[in-house]
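Examining the three-dimensional arrangement
Residue-level listing of the chains:
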Amino acid sequence: MARMKFLCDSKRCIECNGCVTACKNENEVEWGVNRRRVVTINDGEPGETSISVACMHCSDAPCMAVCPTDCFYQTDDGIVLHNKDLCIGCGYCLYACPFGAPQFPSDAAFGERGKMDKCTFCAGGPEEDNSPEERAKYGANRIAEGKLPMCAEMCSTKALLAGDANEVSDIFRERVIYRGHNDGAWSMSEEDIAYDATQKV
């Protein structure tokens with residue numbers, strides 16, 4: 001079975017925040033919670049780079065390891081989901097996650113912040129697929145409908161890739177080869193050019 005993964009091509013991300021807006025609209029995420037955000041490094045300086053960040057659905061997820069109630073679980077295709085009925089709002093997952101994916105709807109003391117929320121890869125939660133209960137707690141279940149996450153579908157430059165990890169890496173590998181980097185995909189040399197929308201790959 002395929003392992004689902006995200007990958008953001010920093011050479012194509014134009015910091016439009018379309019992925020952030022698409023996620024909030026599709027999943028009706030409550031105010032103050034952003035399941036996805038765009039981070040810009042060296043903002044306004046030469047070598048500025050933007051990347052879209054959310055839960056990366058780690059193979060060995062640290063949030064799963066530290067949760068005292070075992071509210072996290074991994075699906076057969078590698079998507080890390082959580083059960084809000086088991087969450088006690090302790091915040092351990094927040095500190096364990098290197099991507100800052102788990103978020104809480106309130107800034108109150110631990111235990112009073114409410115139930116943790118995070119990116120679900122548009123795969124819903126433990127409730128029955130596409131049920132009103134699942135939609136209300138976790139948002140859209142596009143995976144059950146055979147679709148990709150809305151953030152990746154709406155990315156105008158196709159910087160944000162989502163799907164089977166092998167296919168995603170093949171697409172990215174083609175792009176790197178096409179760009180002709182000598183030192184891999186993360187080069188920041190003077191020869192690097194911005195994304196050219198006229199190019200095929």
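Right, let's walk through the structure included here. Because the structure is a prediction, the values reported are computed rather than measured. Think of each chain on its own: its residues are numbered from 1, step by step along the sequence as written. Totals for whole chains, interfaces and linings use all residues, but because this is a predicted model, local features are given only for residues with pLDDT of at least 70 and pairs of side-chain atoms are given and counted only at 80 or more. Excluding hydrogens and water, the side-chain values take into account all heavy atoms of the structure.

The criterion for an aromatic pair is that two Phe, Tyr or Trp rings (for Trp, the six-membered ring) have centres within 6.5 Å, with stacked assigned to planes under 30 degrees apart, edge-to-face to planes over 60 apart and tilted to the rest. Across all of its chains, the model carries one aromatic pair by this definition. With a centroid separation of 4.5 Å and an interplanar angle of 45°, the aromatic rings of Phe6 and Phe121 are classed as tilted. Placement of Phe6 in strand E1 (residues 4-8) and of Phe121 in the loop between helix H3 (92-96) and helix H4 (132-138) is noted, with a sequence separation of 115 residues between them. Relative accessible area serves as the criterion here: at 7%, Phe6 is assigned to the buried category. With relative accessibility at 0%, the residue Phe121 sits in the buried group. Only DSSP runs of H or I covering at least 4 residues are called helices, and only runs of E covering at least 2 are called strands; the numbering of each starts at the N terminus. Partly exposed describes any residue whose relative accessible area lies between the buried limit of under 20% and the exposed limit of over 50%, with all areas from a 1.4 Å probe on protein chains only and scaled to the type maximum.

With that out of the way, let us pick up the pairing of strand E3 (residues 49-53). Within E3, four of the five residues are buried, leaving the element largely enclosed by the surrounding structure. Alignment of strand E2 (residues 37-41) against E3, held across five bridges, turns out to be antiparallel. Its bridge partner being in E3, Val38 is matched across the sheet by Ser52. Strand pairing is defined by DSSP finding a minimum of two bridges between the two strands.

Looking at where Ser52 falls in the secondary structure, it is placed in strand E3. Polar contacts, as used here, are pairs of N or O atoms within 3.5 Å; protein pairs need one atom able to donate a hydrogen and one able to accept it. Residues neighboring in sequence count only if both atoms are side-chain atoms. At a separation of 2.7 Å, a polar atom in the side chain of Ser52 contacts the side chain of Arg36. Throughout, a residue-residue contact means that at least one pair of heavy atoms, one from each residue, lies within 4.5 Å. Apart from residues lying up to four places away in sequence, Ser52 is in contact with Cys8, Cys19, Arg36, Arg37, Val38 and Leu160.

A few words on helix H1 (residues 18-27). Listed as buried for H1 are Cys19, Val20, Ala22, Cys23, Glu26 and Asn27. Seen end-on, H1 carries its buried residues on one side only, within an arc spanning 165°. The secondary structure elements touched by the buried residues of H1 are E2, E3, H4, helix H5 (150-153) and strand E6 (160-164). Two residues or fewer after H1 comes Glu28, characterised by a positive phi angle close to 50°. What the arc covers is the set of directions going from the helix axis to the C-beta atoms.

Across the five residues that make up E1, a large majority, four, are buried. One ladder, built from five bridges, connects E1 with E6; its direction is antiparallel. Bridge assignment links Lys5 to a residue of E6, and that residue is Gly163.

Cysteine sulfur pairs qualify as disulfides if the two atoms are within 2.5 Å. Scanning all chains against the criterion turns up zero disulfides. Unpaired in terms of disulfides, Cys8 finds its nearest cysteine sulfur in Cys13, a separation of 4.6 Å. When its relative accessible area of 7% is taken as the criterion, Cys8 is described as buried. No disulfide involves Cys155; its sulfur sits 6.3 Å from the nearest other cysteine sulfur, which is in Cys16.

So, to be careful, I would describe these as geometric facts and stop short of saying anything about function.
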